[in-house]
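Chain residues, written in single-letter form:
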Amino acid sequence: QVQLVESGGGLVQSGGSLRLSCATSGRIFNNYVMGWYRQAPGKEREFVAAILWNGLTYYADSVKGRFTISRDNAKNTIYLQMNSLKPEDTAIFYCAADFESRKVREGRPNYWGQGTQVTVSS
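Draft legend 1. Structural detail: the nonpolar core. Counting residues in each nonpolar core, the largest one holds 35 residues, and the members touching the most others are M34, W36, I78, L80, M82 and F93. Elements supplying a minimum of two residues to this core: β3 (18–24), β4 (33–39), β5 (46–51), β7 (67–72), β8 (77–82), β9 (91–98) and β11 (116–121).

Okay, here's the thing in structure tokens:
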């Protein structure tokens, strides 16, 4: 059973920063594409960022230059560093994982985390 456990969400003022973490089981981590999605109230879940096993990264246009995805293979953990946060970034952020990059980037990964709430106040 693969588990993805997110942490790091919270309440922050506009312009502030947060770092999300997603820890997972070691047996999948080194071979899997990992990503982040978010779902704002009343909206569909949307792609935020993804990172391949070799470090190649993808970002949604709305977060480029503000968010950075990274992975620590020794800790089986990925991170999402979020800077210059805006009220429109308020959402539940979900970690995602799959062997196929396209499935992660297209919202069809095999594995999802439970989510962590990020709230940005104006």
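Draft legend 2. Layout of the packing of aromatic side chains. Taken as a whole and assessed by the stated rule, the structure comprises five aromatic pairs. Ring plane angle 75 degrees and centroid distance 5.5 Å describe the contact between Y37 and F47, whose orientation is recorded as edge-to-face. You can see Y37 sitting in strand β4 and its partner F47 sitting in strand β5, a full ten residues away along the chain. The exposure class of Y37 is buried, given its relative accessible area of 3%.

Draft legend 3. Seen up close, unusual backbone geometry. For N76, which is not a glycine, the phi torsion comes out positive at approximately 55 degrees. With respect to the helices, strands and loops of the structure, N76 is situated in the loop between β7 and β8. In this structure, S84 is a non-glycine residue whose phi angle is positive, near 50 degrees. Position of S84 among the secondary structure elements: in the loop between β8 and β9.

Draft legend 4. Local environment of the side chain of T90. Note on placement: T90 falls in the loop between β8 and β9. T90 sits in the buried class, given a relative accessible area of 18%. Of the polar contacts made by the side chain of T90, one reaches the backbone oxygen of P87; its length is 2.9 Å. A distance of 2.9 Å separates a polar side-chain atom of T90 from the backbone nitrogen of V120. With sequence-adjacent residues up to four places away left out, T90 is seen in contact with A40, P41, Q117, V118, T119 and V120.

Draft legend 5. Fine view of the sheet that holds strand β1 (residues 4–7). The strand order across the open sheet built from four strands is β1-β3-β8-β7, with neighbouring strands paired in antiparallel fashion. Strand pairing shows two members of the sheet lacking a second neighbour, β1 and β7, which therefore form its edges. On average, each strand axis in the sheet is tilted by 15 degrees relative to the strand beside it, whichever way the strands run. Across six bridges, β3 lies against β8 in antiparallel orientation. Across the sheet, the residue bridging to S21 is Y79, located in β8.

Draft legend 6. View of the state of the cysteines. The final tally for this structure, using the stated rule, is one disulfide. Residue C22 pairs covalently with C95 via a disulfide, S to S 2.0 Å. Judged by the torsion about the S-S bond (-85 degrees), the C22/C95 disulfide is left-handed. Of this pair, C22 sits in strand β3 while C95 sits in strand β9, and the two are 73 residues apart along the sequence. Judged by relative accessible area, which is 0%, C95 ranks as buried.

The rules behind each value
Residues numbered from 1 in each chain as written. Predicted model: local features only at pLDDT ≥ 70, side-chain atom pairs only at ≥ 80, totals over all residues. Heavy atoms only, no water. Core = buried A, V, L, I, M, F, W, Y, C linked by side-chain atoms within 4.5 Å. Buried < 20%, exposed > 50% of the residue type's maximum accessible area, 1.4 Å probe, protein only. Helix = DSSP H or I, 4+ residues; strand = E, 2+ residues; numbered from the N terminus. Phe/Tyr/Trp six-rings, centres within 6.5 Å; stacked < 30°, edge-to-face > 60°. Polar contact = N/O pair within 3.5 Å; in protein donor to acceptor, adjacent residues only side chain to side chain. Contact = heavy atoms within 4.5 Å. Pairing = 2+ DSSP bridges. Axes fitted to C-alpha atoms, helices over the stretch in contact; angles between N-to-C directions. Disulfide = S-S within 2.5 Å.

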